[in-house]
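# Structure at a glance
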Amino acid sequence: MKKVLLFGATGSIGQQTLDIISRFRDSLTLLGISGKLRLDNLLDIAEKFRPPLIALPDEESVSYLAKRLSYKPEFFVGDEGLARMASEPSADVVVIAISGIKGLIPAYYALKNGKRVALANKESIIGGGFLLLSTAQSSGGEIIPVDSEHSALFQLLQKVKSYSLRKVYLTASGGPFLDWDLKDLEKVTPELALKHPTWRMGEKITVDSATLMNKGFEVIEASVLFNLPPEKIEVLIHPQSTIHALVELIDGTFFAHLSKPDMRLPILYALFYPERPNFDVADLSFSPSLTLNLFPPDFQKFPCLTLAYSALKLGHPYPLILEASDEVAVPAFLEGRIKFTDIPRVLEKTLNEFTIKYKPSTVDEILVFHEEVKNFTEEMIKRL
């Protein structure tokens with residue numbers, strides 16, 4: 001029986017992880033959960049699964065749950081609580097489904113304690129991937145990516161020799177504005193940007209998918225996770241979201257990973273790796289209507305992709321600067337303070353103008369640096 005710690009239980013990935021645990025109760029048990037918002041949802045999860053450990057952001061949240069729960073779990077509070085719960089000796093798998101840079105905290109401490117980390121938090125890889133990988137190597141921990149594209153690459157790259165690899169390809173649906181003219185993007189509203197054609201996700205990642213910034217972040221992640229130079233990573237638009245990644249070998253052979261766009265598949269794989277349990281609810285049906293289109297992205301229409309490659313080539317801490325700036329620019333767009341097309345302009349301006357006084361190398365330094373970039377970007381938007 002594998003004991004699972006789930007950080008970010010009320011989000012999209014968290015909810016789908018709970019669905020997997022519900023379906024495999026003979027193999028998986030929920031040891032602990034964390035949540036920041038939606039305390040009533042967290043209360044429902046706790047009552048259903050009765051995890052003995054719960055991490056919360058503050059004492060007020062602890063008081064709220066403690067008064068309403070029918071049992072008495074052990075509570076962990078704040079950033080220190082995230083670190084302590086992630087270090088729990090009895091945990092077998094730690095799922096990091098928290099959004100934002102705070103996901104770095106439990107990821108680091110779980111790896112430091114030699115745990116398997118099922119990682120769905122891209123910010124921790126973008127900002128501190130070097131730290132997570134070195135920690136995993138020294139402690140015996142392991143990272144299994146949960147993003148659909150990186151899970152696909154992880155699986156494909158196990159089948160090929162590194163010396164035979166020419167390139168890898170990440171696919172992108174293209175978002176809701178794939179067929180829009182460049183000049184019309186000035187008219188994009190938050191309501192339109194939040195209508196993703198394929199995936200159901202949170203607001204931030206949905207907007208990032210509309211700008212293709214999310215795919216740019218995934219390029220950075222792929223480089224870090226699989227030790228690939230930028231020139232070996234390409235993006236292909238694939239509206240059907242059936243092919244999640246491809247690898248090209250030096251003899252011209254391509255291998256592709258195909259599945260329905262169902263995030264439970266990469267979660268399942270990360271929880272059970274290297275085993276593959278029977279899971280028949282996400283079969284890919286081949287029919288005459290199934291089409292698979294692949295074509296290059298329009299970098300002029302989606303400049304965030306170019307910014308991601310530029311930051312990756314510049315190296316640490318530029319990817320961290322890009323991600324932190326985006327955490328401010330996207331909410332500013334959703335709040336109506338900037339236009340959709342201003343998002344890449346704000347990101348580029350931050351990359352060019354933020355002064356790097358030091359290169360953060362520890363968890364605490366990365367968190368402080370991230371906040372400094374966010375403050376810089378916020379002040380810039382106020383001046384625009």
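Described below are features of the structure shown in this document. (Residues numbered from 1 in each chain as written. Predicted model: local features only at pLDDT ≥ 70, side-chain atom pairs only at ≥ 80, totals over all residues. Heavy atoms only, no water.)

With that settled, the discussion passes to helix α2 (residues 39-49). Looking only at α2, the buried set comprises L39, L42, L43, I45, A46 and F49. Angular distribution of buried residues about the axis of α2 spans 165 degrees; they occupy a single face of the element. Of the exposed residues in α2, the ones pointing more than 90 degrees away from its buried face are D44 and K48. A positive phi of about 50 degrees marks R50, the residue just after α2. (Buried < 20%, exposed > 50% of the residue type's maximum accessible area, 1.4 Å probe, protein only. Helix = DSSP H or I, 4+ residues; strand = E, 2+ residues; numbered from the N terminus. Arc of directions from axis to C-beta.)

Further remarks concern a nonpolar patch on the surface. Together, L258, F286 and L292 make up a nonpolar patch on the protein surface, roughly 300 Å² of accessible area in all. Structurally, L258 is set in strand β11 (residues 254-258). (Patch = residues over 30% accessible without salt bridge, like charges linked within 9 Å, V, L, I, M, F, W, Y side chains within 5 Å. Areas by Shrake-Rupley, 256 points an atom, 1.4 Å probe, with all protein chains shown as cover. Salt bridge = Lys/Arg side-chain N within 4 Å of Asp/Glu carboxyl O.)

Within the fold, G175 resides in the loop between β8 (165-172) and α8 (190-193). Residue classification places G175 among the buried residues on the basis of a relative accessible area of 8%. Each C-alpha atom, one on G175 and one on K313, is 25 Å from the other, the two residues being 138 residues apart in sequence.

Geometrically, the link from Y273 to P274 is a cis peptide bond, its omega value of 5 degrees lying close to zero. On the secondary structure map, P274 appears in the loop between α11 (264-272) and α12 (303-314). Cis geometry marks the peptide bond from H316 to P317; its omega dihedral reads 10 degrees. The backbone of R38 shows a phi angle near 50 degrees, a positive value even though the residue is not glycine. Relative to the helices and strands, R38 is located in the loop between β2 (28-34) and α2. Phi is positive for S241, which is not a glycine, with a value near 55 degrees. Secondary-structure assignment places S241 in the loop between β9 (233-237) and β10 (243-249).

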